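Residue-level structure breakdown
Here is how the chains run, residue by residue.
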Amino acid sequence: MLTLKAQVMLVDDHAMLRHGMAMLINAEPDMEVFAEAGDGDEALAILKTEHHADIVLVDVSLKTRSGLDLIKSMHMLIPALPVLVVSMHDEAVYAERALRAGARGYVMKQEPGEVLITAIREVLKGNIYLSKQMHTKLLNRVVTGHSAPELLVNSLTPSEFEVLHLIGSGHSSQEIAKLLNRSIKTIETHRFNIRTKLNLKDGADLIRYATHWISEEH
């Protein structure tokens with residue numbers, strides 16, 4: 001009896017990483033990669049013509065748009081499509097944001113291959129996949145409630161959130177522009193909007209806030 005394999009789509013702007021994940025997934029008897037995309041626009045174009053994706057693996061940082069923005073766009077296109085985030089960005093900082101955008105799980109790229117395969121299978125079953133540590137953290141937040149500063153951070157757009165994280169990690173505007181493939185002008189606009197939304201008076205205040213926020217998240 002022929003068993004149909006789950007159809008997996010990969011969205012990551014690093015071709016070598018996509019190739020590695022594809023080899024890992026295609027070695028499994030119950031799943032296979034049917035499409036790959038290097039950015040958000042390419043991913044949406046594929047989904048508009050290929051309607052048989054069972055799950056999409058998405059990175060947080062992509063060249064043309066935030067992966068969190070892409071998740072929202074994919075759900076507008078195919079509401080029931082399961083999405084698993086696979087990223088180098090710290091789960092403690094991004095997982096909750098990814099779930100809020102519509103993802104069903106989060107795996108860091110540093111994890112062993114078997115963790116990724118397990119996460120894919122769990123999401124395909126309709127479950128949410130997070131590390132045990134992240135599960136505990138989210139449950140604690142449900143019990144204790146959100147703090148006021150955290151609610152302010154939640155008002156940021158995905159791109160602003162990404163910039164705040166990089167500021168807190170010690171990166172300059174020039175470094176952030178290079179990392180995100182954006183212009184310095186765009187990054188400076190994000191910094192201004194972040195300061196406005198978080199009620200911060202200047203750049204030094206923003207750096208202090210971002211650094212403290214990162215330490216609290218960890």
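Going by the structure above, here's the rest.
Quick caveat, the model's predicted, so the values are computed rather than measured. (Residues numbered from 1 in each chain as written. Predicted model: local features only at pLDDT ≥ 70, side-chain atom pairs only at ≥ 80, totals over all residues. Heavy atoms only, no water.)

**So, the layout of surface pockets**
- Within this model, the largest pocket holds a volume of roughly 350 Å³.
- Considering the residues around the largest pocket, the lining is formed by 18 residues, among which Ser61, Met88, His89, Leu166 and Leu179 are closest to the centre.
- Mapped by element, the contributors of at least two residues to the lining of the largest pocket are helix 8 (158–168) and helix 9 (173–180).
- The element contributing the most residues to the lining of the largest pocket is helix 9, with 3 residues.
- In terms of residue class, the lining of the largest pocket is made up of 5 nonpolar, 8 polar and 5 charged. (1 Å grid on protein atoms, 1.4 Å probe; cavity = no way out; pocket = protein on both sides within 12 Å on 5 of 7 lines; lining within 4 Å. Points joined across faces, edges and corners; volume = space filled by probe spheres on them. Helix = DSSP H or I, 4+ residues; strand = E, 2+ residues; numbered from the N terminus. Nonpolar A, V, L, I, M, F, W, Y, C, P; charged D, E, K, R; others polar.)

**Quick word on the environment of Leu68**
- Mapped onto the fold, Leu68 is located in helix 3 (residues 67–77).
- Given the relative accessible area of 2%, Leu68 is considered buried.
- When the C-alpha atoms of Leu68 and Tyr94 are compared, they prove to be 9.6 Å apart, with 26 residues separating the residues in sequence.
- Once residues lying within four places of it in the same chain are set aside, the contact partners of Leu68 are Val60, Arg97, Ala98, Ala101 and Pro158. (Buried < 20%, exposed > 50% of the residue type's maximum accessible area, 1.4 Å probe, protein only. Contact = heavy atoms within 4.5 Å.)

**Some thoughts on the packing of aromatic side chains**
- As enumerated under the stated definition, the model contains 1 aromatic pair in all.
- Ring plane angle 90° and centroid distance 5.1 Å describe the contact between Tyr94 and Phe161, whose orientation is recorded as edge-to-face. Linking Tyr94 in helix 4 (residues 91–101) with Phe161 in helix 8, this pair joins segments that are 67 residues apart in sequence.
- Tyr94 gets classed as buried once you look at its relative accessible area, which sits at 0%. (Phe/Tyr/Trp six-rings, centres within 6.5 Å; stacked < 30°, edge-to-face > 60°.)

**What to know about the packing of helix 1 (residues 15–26) against helix 5 (residues 113–124)**
- Across the interface, helix 1 lies against helix 5 with an axial gap of 10 Å and an inter-helix angle of 65°. Regarding the angle of helix 1 to helix 5, the classification is roughly perpendicular. The handedness of the crossing between helix 1 and helix 5 is right-handed. Contacts from Met21, Leu24 and Ile25 in helix 1 reach Gly113, Leu116, Ile117 and Ile120 in helix 5.
- Residue composition of the contact of helix 1 with helix 5, grouped by class: 6 nonpolar, 1 polar and no charged. (Axes fitted to C-alpha atoms, helices over the stretch in contact; angles between N-to-C directions. Parallel < 35°, antiparallel > 145°, perpendicular 65-115°, else oblique. Left-handed = near helix turned anticlockwise from the far one by under 90°.)

**Notes on the pattern of salt bridges**
- By the definition in use, this model includes 9 salt bridges.
- When the shortest N-O distance is used, the salt bridge between Asp12 and Lys109 registers 2.7 Å. Taken as a pair, Asp12 in the loop between strand 1 (6–11) and helix 1 and Lys109 in the loop between strand 5 (105–108) and helix 5 lie far apart in primary sequence, 97 residues in all.
- If you follow the salt bridges from partner to partner, you end up with Asp12, Asp59 and Lys109 in one network. (Salt bridge = Lys/Arg side-chain N within 4 Å of Asp/Glu carboxyl O.)

**Considerations on helix 4**
- Counting buried residues along helix 4, 9 of its 11 residues qualify, which places the element largely inside the surrounding structure.
- Every buried residue belonging to helix 4 is among Glu91, Ala92, Val93, Tyr94, Ala95, Glu96, Arg97, Ala98 and Ala101, and all of these are buried.
- Backbone geometry just downstream of helix 4 places Gly102 in the positive-phi region, at approximately 125°.

**Some thoughts on the environment of Glu36**
- Locating Glu36 in the fold gives a position in strand 2 (residues 31–37).
- With relative accessibility at 32%, the residue Glu36 sits in the partly exposed group.
- With 21 residues separating them in the primary sequence, Glu36 and Leu57 have C-alpha atoms 9.6 Å apart.
- Apart from the residues within four sequence positions on either side, Glu36 is in contact with Leu10, Arg18, Ala22, Glu42 and Ile46.
- Side-chain polar atoms of Glu36 contact the side chain of Arg18, separated by 3.0 Å. (Polar contact = N/O pair within 3.5 Å; in protein donor to acceptor, adjacent residues only side chain to side chain.)

**A look at the pairing of strand 2**
- Sheet analysis places strand 1 next to strand 2, joined by 6 bridges and oriented parallel. When the bridges of strand 2 are listed, Val8 appears paired with Val33.
- For the segment spanning strand 1, helix 1 and strand 2, crossover handedness is right-handed. (Pairing = 2+ DSSP bridges. Right-handed = clockwise from strand over helix to strand, strands pointing away.)

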